Amino acid sequence: MTSEPLTRARIVAAAIDLIEREGADAVSMRRIAADLGVGVMSLYNHVPNKDALLNGVAESVLSGIEFTDDPEADWKDRVRMQARAFRQIAHHYPRCTMLVVSRQLQSDAGLLPVERALATLRSAGFDGEDAVRVLRLFIAFIVGSLLREVGVTPTFAPTHGPMVDPEIDVTLFPQVSELAPLLKSCDHEAEFEFGVELLVQAIAVLPKKGGSPQ
C-alpha cells in the first residue's frame, strides 16, 4: 500500500494538530517529522524553516474563515458578521488563533480578512487611522473573549467551585456575594454578542473624518 505523499498541506495540518494539543512551543521540525513518520530533512523540501511553517499555520487558519459579507448591507451589520466569522474560526482553533494574532502575515490568506475589515470601516466614513484603531479594538476583544472561553484567563471567568468562598467577607464584598451566581456561570456566545454590539454602537458615534460614507 502506497503511503500518502508528503506535501506542504500535510505538514501544516500536522503542525496545527500539534499546536491545538500541546501549544506552539511544542512545534519543531523534528517533532513534526516524527508525527508524520518521515525524515526531518524531507520537510525542508516543502517548508524552509520553522518560521515559515508557523506562518503556514496562521495562513491556513485564516483561510478557513467563512465570510458571508454582503457589500449592500449596512456597515454595522457587516462588522457584526466579520466579528462572528473570526470568532468561529478562533473557537475551532483557539491555540492557533493566538499564533495568528502574534505574527505579521504578508500572504493573500493573511491579508484578506484585514482588507475586508478595513474596507468596511472606510466605506462607513472612518479615516485610515480610526479604521486601524477600530480593527485592533475588535481583535483585542475577540481574542480576550476567546482566552476566557477556553479557560486561559481566570479573572471574572466562570468558576467551578463554591459560588462564594467561605473566607470572603460578605460585609466587605456585598456585590461579589450578591452577584456570585452570575460570576460563576457564563454564556460565552451571549457574552460575545453583547460585547460586539457594545463596540458597534460605540464606534457608530465616532466622528467620521474620512472615507466614503454609505
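Rules used in this analysis
Residues numbered from 1 in each chain as written. Predicted model: local features only at pLDDT ≥ 70, side-chain atom pairs only at ≥ 80, totals over all residues. Heavy atoms only, no water. Core = buried A, V, L, I, M, F, W, Y, C linked by side-chain atoms within 4.5 Å. Buried < 20%, exposed > 50% of the residue type's maximum accessible area, 1.4 Å probe, protein only. Helix = DSSP H or I, 4+ residues; strand = E, 2+ residues; numbered from the N terminus. Contact = heavy atoms within 4.5 Å. Salt bridge = Lys/Arg side-chain N within 4 Å of Asp/Glu carboxyl O. pLDDT = per-residue confidence, 0-100. Axes fitted to C-alpha atoms, helices over the stretch in contact; angles between N-to-C directions. Parallel < 35°, antiparallel > 145°, perpendicular 65-115°, else oblique. Left-handed = near helix turned anticlockwise from the far one by under 90°. Nonpolar A, V, L, I, M, F, W, Y, C, P; charged D, E, K, R; others polar. Patch = residues over 30% accessible without salt bridge, like charges linked within 9 Å, V, L, I, M, F, W, Y side chains within 5 Å. Areas by Shrake-Rupley, 256 points an atom, 1.4 Å probe, with all protein chains shown as cover.

### Re the nonpolar core
And step 1. The biggest cluster of nonpolar side chains holds 46 residues, and the ones touching the most others in it are Ile-11, Ile-32, Leu-43, Leu-53, Val-57 and Phe-138.
And step 2. Broken down by secondary-structure element, the contributors of at least two residues to this core are α1 (8–22), α2 (29–36), α3 (40–43), α4 (50–63), α5 (75–92), α6 (94–100), α8 (128–149) and α11 (188–204).
And step 3. With seven residues, the top contributor of residues to this core is α1.
And step 4. Apart from the residues within four sequence positions on either side, Phe-138 is in contact with Val-79, Ala-83, Val-196, Leu-199, Val-200 and Ile-203.

### So, the pattern of salt bridges
And step 1. Enumeration according to the criterion identifies 13 salt bridges in this entry.
And step 2. For Arg-133, the salt bridge identified is with Asp-130, shortest N-O distance 3.8 Å. Of this pair, Arg-133 and Asp-130 are both found in helix α8, three residues apart, which corresponds to roughly one turn of the helix.
And step 3. Overlapping salt bridges, with partners in common, bring together Asp-17, Arg-21, Glu-22, Arg-31 and Asp-35 in one network.

### Comments concerning the confidence of the model for the chain
And step 1. Averaged over every residue, the pLDDT of the chain is 84; the share at 70 or more is 88%.
And step 2. The spread of mean pLDDT over the elements of the chain runs between helix α10 (residues 180–184), the lowest at 79, and α2, the highest at 96.
And step 3. Every residue in residues 153–157 scores below 50 in pLDDT, and together they form six contacts with partners more than four places removed in sequence or on other chains.

### Describing the packing of α8 against α11
And step 1. In the contact formed by α8 and α11, the axes pass within 11 Å of each other and the chain directions differ by 165°. Judged by the inter-axis angle, α8 sits roughly antiparallel to α11. Here α8 and α11 pass one another in a crossing that is right-handed. Facing Val-134, Leu-137, Phe-138, Phe-141, Ile-142, Ser-145, Arg-148 and Glu-149 of α8, the residues of α11 in contact are His-188, Glu-191, Phe-192, Gly-195, Val-196, Leu-199, Val-200 and Ile-203.
And step 2. Of the residues contributing to the contact of α8 with α11, the split by class is ten nonpolar, three polar and three charged.

### Some remarks on the packing of α5 against α11
And step 1. Viewed as axis vectors pointing N to C, α5 and α11 meet at an angle of 145°, and their least axial separation amounts to 10 Å. Crossing geometry of α5 relative to α11 is assigned as right-handed. Along the contact surface, α5 presents Trp-75, Lys-76, Val-79, Arg-80, Ala-83, Arg-84 and Arg-87, while α11 presents His-188, Glu-189, Phe-192, Glu-193, Val-196, Glu-197, Val-200, Gln-201, Ile-203 and Ala-204.
And step 2. In terms of residue class, the contact of α5 with α11 is made up of eight nonpolar, two polar and seven charged.

### Things to note about the environment of Leu-18
And step 1. For Leu-18, the position within the fold is in helix α1.
And step 2. Spatially, the C-alpha atoms of Leu-18 and Cys-96 are 9.7 Å apart, while their sequence positions differ by 78 residues.
And step 3. When sequence neighbours within four positions are dropped, the list of residues in contact with Leu-18 reads Gly-23, Ala-26, Val-27, Arg-31, Ile-32 and Asp-35.

### Some thoughts on a nonpolar patch on the surface
And step 1. There is a patch of nonpolar side chains on the surface, built from Leu-172, Phe-173, Val-176, Leu-179, Leu-182 and Leu-183 and spanning about 540 Å² of accessible area.
And step 2. The topology assignment puts Phe-173 in the loop between α8 and α9 (174–178).

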